[in-house]
Amino acid sequence: MTRAQQTISIGLLVTSLYLALYLELIPLPSLISNDIIPVLPFWALVSFGAYLLFKLGYGVFTFNDVPKAHAELMKEIDLARADLRTKGVDVD
């Protein structure tokens, strides 16, 4: 099973479970079915966004701890500066 098939399968499973809860095919107390289930997708979206922001921030924070990537990026920056200097652009 490819990664795309696995992702689609998990997405369909979660969507099916949510629709069963939202359409009250699975009985739950009225407090849960009326107050929590309708806002569950928004909560999941906000949580996923917060997770991605944390991952991005942690990656930026620990960027210098990856010496190969840091050295490669610095080489690319130097090459870009040299290329721009040959074209008459002041990059300093």
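Residues numbered from 1 in each chain as written. Predicted model: local features only at pLDDT ≥ 70, side-chain atom pairs only at ≥ 80, totals over all residues. Heavy atoms only, no water.

If you look the protein chain up in an unreviewed UniProt entry, it shows as Dolichol-phosphate mannosyltransferase subunit 3 from Hyaloscypha bicolor E. Taken directly from UniProt, the Pathway (unreviewed entry) text for the protein chain runs: "Protein modification; protein glycosylation." The annotation that UniProt attaches to the protein chain under Subunit (unreviewed entry) is "Component of the dolichol-phosphate mannose (DPM) synthase complex." (UniProt positions renumbered as here; feature names shortened; annotations may be inferred.)

For the rest of this paragraph, the subject is the environment of His70. Among the structural elements, His70 can be located in helix 4 (residues 67-86). For His70, a relative accessible area of 28% gives the class partly exposed. Not counting residues up to four positions away in its chain, the partners in contact with His70 are Phe63 and Asn64. (Helix = DSSP H or I, 4+ residues; strand = E, 2+ residues; numbered from the N terminus. Buried < 20%, exposed > 50% of the residue type's maximum accessible area, 1.4 Å probe, protein only. Contact = heavy atoms within 4.5 Å.)

This part is about the layout of surface pockets. Over the atoms rolls a probe the size of a water molecule, and in doing so it shows where empty space is left. Empty space within the largest pocket amounts to approximately 280 Å³. Around the largest pocket, the lining residues are Val14, Leu17, Tyr18, Leu21, Leu40, Pro41, Ala44, Leu45 and Phe48. Of all the secondary structure elements, the ones that give two or more residues to the lining of the largest pocket are helix 1 (3-22) and helix 3 (40-61). Taken together, the residues of the lining of the largest pocket sort by class into nine nonpolar, no polar and no charged. (1 Å grid on protein atoms, 1.4 Å probe; cavity = no way out; pocket = protein on both sides within 12 Å on 5 of 7 lines; lining within 4 Å. Points joined across faces, edges and corners; volume = space filled by probe spheres on them. Nonpolar A, V, L, I, M, F, W, Y, C, P; charged D, E, K, R; others polar.)

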